[in-house]
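Each chain, letter by letter, is given below.
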Amino acid sequence: MGENVERSRQGEAGQPTWVRTSPEHRFELQLAYLSTHPGAFVERVDAGGCATAVRWRDRPTFVEVRVDGEGSVGDVSVKSPKSVKASSPVEPAPLSGIRESQSPTRGVWVRGPVEVADRMFQFEADIRGFDNAVAGSPLEPVHQLYRGFKPVCMADPFQGMCWVIVGQQVNVTFAAKLKRTLVEKFGDTLQVGEAVYRVFPSPERIAGLEPEDLRPFQFSRQKASYLISLARRIVNGWDTSVYEGMEAEEAIAHLTQVKGVGRWSAECFLLFVFRHPDVLPAADIGLRQALGKLLGLGRNATEVELREFGRMFAGWRSYVSQYLWLALREGRWEKEAVD
C-alpha cells in the first residue's frame, strides 16, 4: 500500500503571532543550546529562530519561532510511512495568559500553535527568583554568562520520554543515533513549502512493534522493551499530564513504577517534558563533570556532592542543571584555561 498524503493550506497558521516574553528572556541562548544539542536534529535552528514539526493533539504540526517574523510557511502536506496515516496540521490556538501586541516590545514571532511553542521555550516563566538565588554563589559566574536562559523542553511528551530512555547508560552521541533511527524508520514527514521536516513516531506506531523490530538498529533488547512498553502504556490511556505541577518527589515515586524508569530517568522526564523547575538529575555524569570543573575539584563531583550543591538553589534546580549542561557543552572551562 502506498504512502497516504494529505495536503492543506495552513491558513491562519501561516500568519505569525507576536508573543511577548518575560523581560529577561534570552531566546538567542535557547537557540544556541539547540544548535549544539546532538539530539535536536529534527529542529532547524539558525541565528534568527527555530522551526520544527511536532506531534500535537495526535497530529504532525509545524511550529516556527523567530525574532524577525520572517519564516518559511507555505503549502503543508503530511506523509506517513507505509500504511500509517497522519492527519493534517491543526490551526493555532493562542495560549491563555500570553499577551499579544501589535506594538512589539520584547518577544518573538510564532507560526503554528502558540501553546506548543510556549511548552518548548517557556516565554513568560518568571526567573527573577533564580537570579536572586544565584547571587553570591559559586554558580554566579556561569549565571552571568547565560542570564535569561530558560530550559528548552520537549513539546511532545512521548518524544521527550523516549529521548530519555534511549539516553540511559549511553553517551549522548549514540543516544542521538538511536533517536534518529526511530525518526527515520518509524516517523512521519511534514512538508512545508519546499522543506521537509521529520516528525517523531506516534505512540501507536511504536506500540505496534516488538523488541526484535528494533534489534537490527543497535537497540539492546532491554531498551527496545522499555520503549515499546512505554508506548503501549500511553496507548492504553496513561495520562502524563498529571505530573505537571506535581511535587517532584511525589512525581518521581509515581514515575519510577513504570518499567525501565529509574530515578535519573524520572528526573529527566520532569525536567525536559513536564517543565518542573526544581529537578537536579544528580546521577548524570555530565552534570557531575560540570560541577567538578566549576568548583575546581580536579575530578567529577559525586552524586552526593551534586545534590548538596543543589540545596542552595531549592526551587530552581532545573535551571542549575541546564546552566551547567550548557556551560559544559560550550567548553566554557576549557576556554577559561586557554585565556
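What this report covers is the structure whose coordinates are included nearby.

**Quick look at the pattern of salt bridges**
- Under the criterion given, the structure shown has 21 salt bridges.
- The salt bridge partner of Glu-28 is Arg-26, with a shortest N-O separation of 2.8 Å.
- Residue Glu-28 is classed as partly exposed on the basis of its relative accessible area of 41%.
- Put simply, Arg-307 and Glu-303 hold a salt bridge, and the shortest N to O gap is 3.4 Å. Taken as a pair, Arg-307 and Glu-303 lie in helix α13 (residues 303-310) at a separation of four residues, close to a single helical turn.
- Under the relative-accessibility criterion, Arg-307 is labelled partly exposed at 24%.
- Owing to a relative accessible area of 35%, Glu-303 belongs among the partly exposed residues under this scheme.
- Three or more residues are tied together by salt bridges with common partners; here these are Glu-249, Arg-263, Glu-267, Glu-303 and Arg-307.

**A closer look at the sheet that holds strand β3 (residues 44-46)**
- The strand order across the open sheet formed by five strands is β2-β7-β5-β4-β3, and the pairing between neighbours is antiparallel. Strands at the two margins of the open sheet, each flanked by one partner only, are β2 (17-20) and β3. Going across the sheet, the axis of each strand differs from the next one's by a mean of 25°, ignoring polarity.
- Note that β3 and strand β4 (residues 49-56) share three bridges and pair antiparallel. Bridge pairing links Arg-44 to Ala-51 in β4.
- Packing of helix α2 (residues 114-121) onto the sheet brings it into contact with β2, β4, β5 (59-66) and β7 (107-111), and relative to β4 it is tilted by some 110°.

**A few points about the packing of helix α10 (residues 248-255) against helix α11 (residues 263-273)**
- In contact at an axis separation of 9 Å, α10 and α11 are set at 125° when each is read in the N-to-C sense. Taken together, the axes of α10 and α11 lie oblique to each other. In this structure, α10 crosses over α11, and the sense of that crossing is right-handed. Contacts between α10 and α11 involve Ala-248, Glu-249, Ala-251, Ile-252 and Leu-255 on the former and, on the latter, Arg-263, Ala-266, Glu-267, Phe-269 and Leu-270.
- Its residues assigned to classes, the contact of α10 with α11 shows seven nonpolar, no polar and three charged.

**With respect to α11**
- Counting buried positions over the eleven residues of α11 gives nine, a clear majority of the element.
- If you check which residues of α11 are buried, you get Ser-265, Ala-266, Glu-267, Cys-268, Phe-269, Leu-270, Leu-271, Phe-272 and Val-273.
- In this structure, the buried side of α11 is in contact with α1 (27-35), α2, α5 (157-166), α10, α13 and α14 (317-329).
- Among the residues trailing α11, Arg-275 stands out with phi positive, at a value near 55°.

Conventions we followed
- Residues numbered from 1 in each chain as written.
- Predicted model: local features only at pLDDT ≥ 70, side-chain atom pairs only at ≥ 80, totals over all residues.
- Heavy atoms only, no water.
- Salt bridge = Lys/Arg side-chain N within 4 Å of Asp/Glu carboxyl O.
- Buried < 20%, exposed > 50% of the residue type's maximum accessible area, 1.4 Å probe, protein only.
- Helix = DSSP H or I, 4+ residues; strand = E, 2+ residues; numbered from the N terminus.
- Pairing = 2+ DSSP bridges.
- Axes fitted to C-alpha atoms, helices over the stretch in contact; angles between N-to-C directions.
- Contact = heavy atoms within 4.5 Å.
- Parallel < 35°, antiparallel > 145°, perpendicular 65-115°, else oblique.
- Left-handed = near helix turned anticlockwise from the far one by under 90°.
- Nonpolar A, V, L, I, M, F, W, Y, C, P; charged D, E, K, R; others polar.

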